[in-house]
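# Chains, contacts and geometry: an overview
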Amino acid sequence: MKRYYEDAKEHVQHKVNTSLRMFINRLHADFPAHWHTDIEIIWPREAPYKVICGNQTYYVEVDDILLICPTVLHEIFSLSPGTRVYIQADFSGIGAIKEIDKAFHLMAPALHIKKKSCPPDVYNYICSQMNKIMELYFGSTPPIYTHEKEVDDTVISYTKLADYDELEIYSILMQLIAFCGKNIHLFKESNSQASAGALKNSLPLNNVCNYIAEHFSEDLSLESVASFAGFSKYHFERIFSDYTGVTFYQYLQQIRINYATTLLSNPELSVTDISYQSGFASCTAFTRAFKKSTGYPPSKFRVLNEEQHPLSANPHFADRKLRHTVV
């Protein structure tokens, strides 16, 4: 099993007064295992990358697009010099929109959009959305600031976005995520018969994902959800794995963990409270699953999250005088 690094959480340096970061990387360098609450989109334009997300390896060729889901531990290997476009956007504050989590679960750990196998109209639409983001982000920025210097990672914060450009960029990103979620079957390479089967099953399985999102804190079982979907247990298990890329229980557990990461921002909840509210049978099971997913026990994750997102900046907690500290 991949080892986790105590300093693996990356504190992404966003452009000043935003939760966004975008740059054109020309460095021939590897990035060690790290994770963050941002989505990360990599678009190689002149040189490929090898990216390991969780236990999956992606060979991202020139003009492919890789969307790495938030909180996924990943390593990036530069196979040769060349230009790659990076977009990072913090989605930790948008967790109240349940379908955002659902889309990320379908894509997890990453969504690989391959130019050679993606339908041309779909690929061109995604590229057009990426180009819109670039135009907004770099529109008035001097060319020298559109890529990062080897010894200075701060140039990205030197210029400001125009009013409401950040909001427009986020709206484009959300449209892009919604589009990919609705068309997830288009990004998985398979033979035509399998693709037809995936399309046929996509509607009931989309309903299943909605059902899980609403009932994940309950005692859900493979049998009960298969019955809800109208499939036999064994057929459901197979098509659900094909549709999501993970098993039913892996999918359910990740939803619970993602919900728990949100609850950990509330200092009034103990780890035990959070474990039960997230649907885990015990605090021990929760701690074990959470550490396996993030690399940290919940209490450590809470401390790291507070360092990056101080309670004083959270309007829900800013004016509260905490009478005790819950770990």
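Here's what I pulled together on the structure shown here. (Residues numbered from 1 in each chain as written. Predicted model: local features only at pLDDT ≥ 70, side-chain atom pairs only at ≥ 80, totals over all residues. Heavy atoms only, no water.)

### Looking at the overall build of the protein
Our working rule: Each helix is a run of H or I in the DSSP string that is no shorter than four residues. Each strand is a run of E no shorter than two, and both are numbered from the N terminus. Type-normalised accessible area, obtained with a 1.4 Å probe on protein chains alone, sets the label of each residue: buried when under 20%, exposed when over 50%, and partly exposed for intermediate values. Whether two residues touch is decided by their heavy atoms; if any such pair falls within 4.5 Å, the residues are in contact. Values of accessible area rely on a 1.4 Å probe in the Shrake-Rupley scheme; residue burial ignores everything except the protein chains shown.
Tallying secondary structure elements over the protein gives 10 helices and nine strands in all. Here the protein, with 327 residues, has 48% of them falling under the buried criterion. Considering only intrachain contacts with a sequence separation of at least 6, the fraction spanning at least 24 residues in the protein is 75%. Accessible surface computed for the protein: about 16,400 Å², of which carbon and sulfur atoms make up 53%.

### Quick look at the side chain of D38
How we decide: In summary, the charge assignment counts Lys and Arg as positive and Asp and Glu as negative, without counting His or the chain termini. Every case where a carboxyl oxygen of Asp or Glu lies within 4 Å of a side-chain nitrogen of Lys or Arg is listed as a salt bridge. In the analysis that follows, any N or O atom pair within 3.5 Å is treated as a polar contact, provided that within protein one partner can donate a hydrogen and the other can accept it, and provided that, for residues neighboring in sequence, both atoms belong to side chains.
Within the fold, D38 resides in strand 3 (residues 38-44). One buried charged residue, D38, remains without a salt bridge, the closest side chain of opposite sign being R21 at 7.7 Å. One polar contact links the side chain of D38 to the main-chain amide nitrogen of A89, over a distance of 3.4 Å. A distance of 3.4 Å separates the side chain of D38 from the backbone nitrogen of D90, its partner in a polar contact. Those residues in contact with D38 that sit more than four places away from it in its chain are V12, H14, S19, I68, C69, P70, Q88, A89 and D90.

### Re the packing of aromatic side chains
As a reminder, the rule being used: Classification of ring pairs uses Phe, Tyr and Trp, with its six-membered ring standing for Trp, and accepts pairs whose centres are within 6.5 Å; under 30 degrees between planes counts as stacked, over 60 as edge-to-face, and the remaining range as tilted.
A complete count under the given rule lists 17 aromatic pairs for this structure. Seen in terms of ring centroids, F31 and Y86 are 6.3 Å apart; in terms of plane orientation they differ by 55°. Their pairing is tilted. Linking F31 in strand 2 (residues 31-34) with Y86 in strand 8 (residues 84-90), this pair joins segments that are 55 residues apart in sequence. In this structure F31 comes out as partly exposed when scored by relative accessible area, which is 28%. For Y86, a relative accessible area of 3% puts it in the buried group. For the ring pair F240 and F248, a centre distance of 6.0 Å and an interplane angle of 70° mean the geometry is edge-to-face.

### Description of the pairing of strand 4 (residues 49-53)
As a reminder of what qualifies: Here a strand pair is declared whenever DSSP counts at least two bridges between the two strands.
Burial analysis of strand 4 places four of its five residues in the buried class, the great majority of the element. The pairing of strand 4 with strand 5 (residues 56-60) spans five bridges and is classified as antiparallel. In the sheet register, I52 faces strand 5, and the bridge partner there is T57. Of the strand pairs in this sheet, strand 4 and strand 7 (residues 74-78) are connected by five bridges, and their pairing is antiparallel.

### Some details on helix 2 (residues 120-138)
To keep it simple, the criterion reads: Between the first and last residue of a helix there are one fewer steps than residues, each counted as 1.5 Å, and that sum is the expected span.
In this model, helix 2 (19 residues) spans 26 Å end to end at C-alpha, consistent with the 27 Å of a helix rising 1.5 Å per residue. Where helix 2 is buried, its residues meet strand 1 (20-25), strand 3, strand 6 (65-68), strand 8, strand 9 (110-113) and helix 3 (165-182).

### Observations regarding the sheet that holds strand 5
For the record, the criterion: Orientation is described by axes fitted as lines to C-alpha atoms, over the contacting stretch for helices, and by angles from 0 to 180 degrees between their N-to-C directions.
Spatial ordering of the open sheet is given by 2-7-4-5, a layout of four strands whose pairing is antiparallel. Each edge of the sheet is formed by a strand with only one pairing partner; in this case those strands are strand 2 and strand 5. Taken over all neighbouring pairs, the strand axes of this sheet differ in orientation by 15° on average, direction set aside.

### Section: the sheet that holds strand 1
Hydrogen bonds between backbone groups are what pair the strands of a sheet, and the pairing can be parallel or antiparallel. With respect to topology, five strands assemble into an open sheet ordered 1-8-3-6-9, the strand pairing being antiparallel. Edge positions in the sheet fall to strand 1 and strand 9, since each has one partner strand and no second. Going from strand to strand, the sheet's axes swing by 10° on average, the running direction of each strand aside. Sheet topology places strand 3 next to strand 6; three bridges connect them, and they run antiparallel. Paired with I41 across the bridge in strand 6 is L67. The sheet contacts of helix 2 involve strand 1, strand 3, strand 6, strand 8 and strand 9, and relative to strand 1 the element is tilted by about 105°.

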